[in-house]
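# Tertiary structure, described
Read off the chains here:
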Amino acid sequence: MPENHTVTTEIVDALKQTTTEAKQLEAIFGKLLQVLTQNGFQVSVDIVALSRICTGGWKKPKKQAQGVGRQLEQLDELLRTFTLITSSLELDHVLEDVMDTVIRLTGAERAYLMLSDKDTGELNLSVARNWDKENIADSDAVFSRSIVNQALKEGQAILATNAQADDRFQGV
């Protein structure tokens with residue numbers, strides 16, 4: 001996947017270069033139009049405006065290429081994680097690396113992985129990591145079990161910057 005990232009970077013760079021050249025062309029068209037007008041020629045087409053429209057048209061593909069680049073980086077991270085999961089027999093190491101990837105992809109400060117006890121069905125904290133790739137001690141792991149239960153009930157991840165201040169969790 002790194003080669004895909006290079007291709008995306010090349011596309012973004014080419015669009016930047018094309019935009020720069022189009023702006024230079026726009027300036028030349030402006031001067032040409034001015035000289036023609038001073039010499040009595042009437043130009044019915046606004047070539048400067050057309051040039052601006054073309055230049056503006058490259059903003060969207062540039063933004064899209066940057067988005068694709070970010071998506072490729074995320075997919076590369078996921079592929080690396082899947083490879084690790086299938087290649088290692090050391091569960092603790094795999095889970096720590098998975099959580100590090102989750103933190104990197106989401107931009108979270110920390111992440112907790114809860115696993116269900118197959119005998120009791122009770123959720124237990126399995127891995128707690130922070131953005132420095134350090135384990136968080138069980139005694140320092142602070143999270144709302146109500147929010148965890150809500151995520152399980154809804155079958156969807158819940159992202160919150162500050163759960164205590166989040167209106168969705170008032171009274172929980």
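Heads up: the structure comes first, above all this text.
Every chain is numbered independently, its residues counted from 1 as its sequence is written. Where local features are concerned, this predicted model is filtered to residues with pLDDT of at least 70; where side-chain atom pairs are given and counted, the filter is 80 or more; whole-chain, interface and lining totals use all residues. Processing note: side-chain calculations cover all non-hydrogen atoms of the structure and skip hydrogens and water entirely.

## Observations concerning the packing of aromatic side chains
To be explicit about the condition: Geometry of aromatic contacts follows a simple scheme: Phe, Tyr and Trp rings, the Trp one being its six-membered ring, pair when their centres are within 6.5 Å, and the pair is stacked under 30 degrees between planes, edge-to-face over 60, tilted otherwise. A run of H or I in DSSP counts as a helix once it spans at least four residues, and a run of E counts as a strand once it spans at least two, with each numbered from the N terminus. Buried residues are those whose accessible area, probed at 1.4 Å on protein chains only, stays under 20% of the maximum for their type, while exposed residues exceed 50% and partly exposed ones sit between those limits.
Applying the stated criterion across every chain yields a total of one aromatic pair. For the pair Tyr-112 and Phe-143, a centre-to-centre distance of 5.0 Å together with 40 degrees between the ring planes defines the contact as tilted. Of the two residues, Tyr-112 sits in strand S1 (residues 110-116) while Phe-143 sits in the loop between strand S2 (123-130) and helix H5 (145-154), which places them 31 residues apart along the sequence. Taking the relative accessible area as the measure of exposure, Phe-143 reaches 26% and is therefore partly exposed.

## Thoughts on the side chain of Glu-77
Filter applied, for reference: Polar contact is defined as a pair of N or O atoms within 3.5 Å, subject to the rule that within protein one atom must be able to donate a hydrogen and the other to accept it, and that residues adjacent in sequence are counted only when both atoms are side-chain atoms.
One can find Glu-77 in helix H3 (residues 59-87). Here the side chain of Glu-77 touches Arg-104 through a polar contact of 2.5 Å, side chain to side chain.

## Some thoughts on unusual backbone geometry
Positive phi outside glycine occurs at Lys-133, with the angle close to 60 degrees. A relative accessible area of 48% places Lys-133 in the partly exposed class.

## As for a nonpolar patch on the surface
Test applied: Each patch is assembled from residues with relative accessible area greater than 30% and no salt bridge, linking like charges that lie within 9 Å and nonpolar side chains (Val, Leu, Ile, Met, Phe, Trp, Tyr) that lie within 5 Å. Shrake-Rupley sampling with a 1.4 Å probe provides the accessible areas, and residues are treated as covered by the protein chains on show and by no other component. Think of a salt bridge as a Lys or Arg side-chain nitrogen and an Asp or Glu carboxyl oxygen that are within 4 Å of each other.
A cluster of nonpolar residues, Val-43, Val-45, Leu-50 and Ile-53, forms a patch on the protein surface that exposes about 350 Å² of accessible area. Looking at the secondary structure, you find Val-43 in the loop between helix H1 (2-38) and helix H2 (47-57). Relative accessible area serves as the criterion here: at 37%, Val-43 is assigned to the partly exposed category.

## Quick notes on the layout of surface pockets
Where empty space is left in the structure can be found by rolling a water-sized probe over the atoms. Let me state the cut-off plainly: Only protein atoms enter the 1 Å grid used here. Points where a 1.4 Å probe fits but cannot escape make up a cavity, open sets with protein on both sides within 12 Å along at least five of seven lines make up a pocket, and a residue lines them when an atom lies within 4 Å of a point. Grid points are joined across faces, edges and corners, and a volume is the space filled by probe spheres set on the points. Note on residue classes: Ala, Val, Leu, Ile, Met, Phe, Trp, Tyr, Cys and Pro are nonpolar, Asp, Glu, Lys and Arg are charged, and everything else, Gly too, is polar.
Here the largest pocket is characterised by a volume of approximately 1300 Å³. For the largest pocket, the lining is made up of 30 residues, of which Arg-110, Ala-111, Tyr-112, Ile-158 and Ala-160 are closest to its centre. At the level of secondary structure, the elements contributing two or more residues to the lining of the largest pocket comprise helix H4 (91-106), S1 and H5. Per-element accounting of the lining of the largest pocket gives the leading share, five residues, to S1. Split into classes, the residues belonging to the lining of the largest pocket amount to 20 nonpolar, eight polar and two charged.

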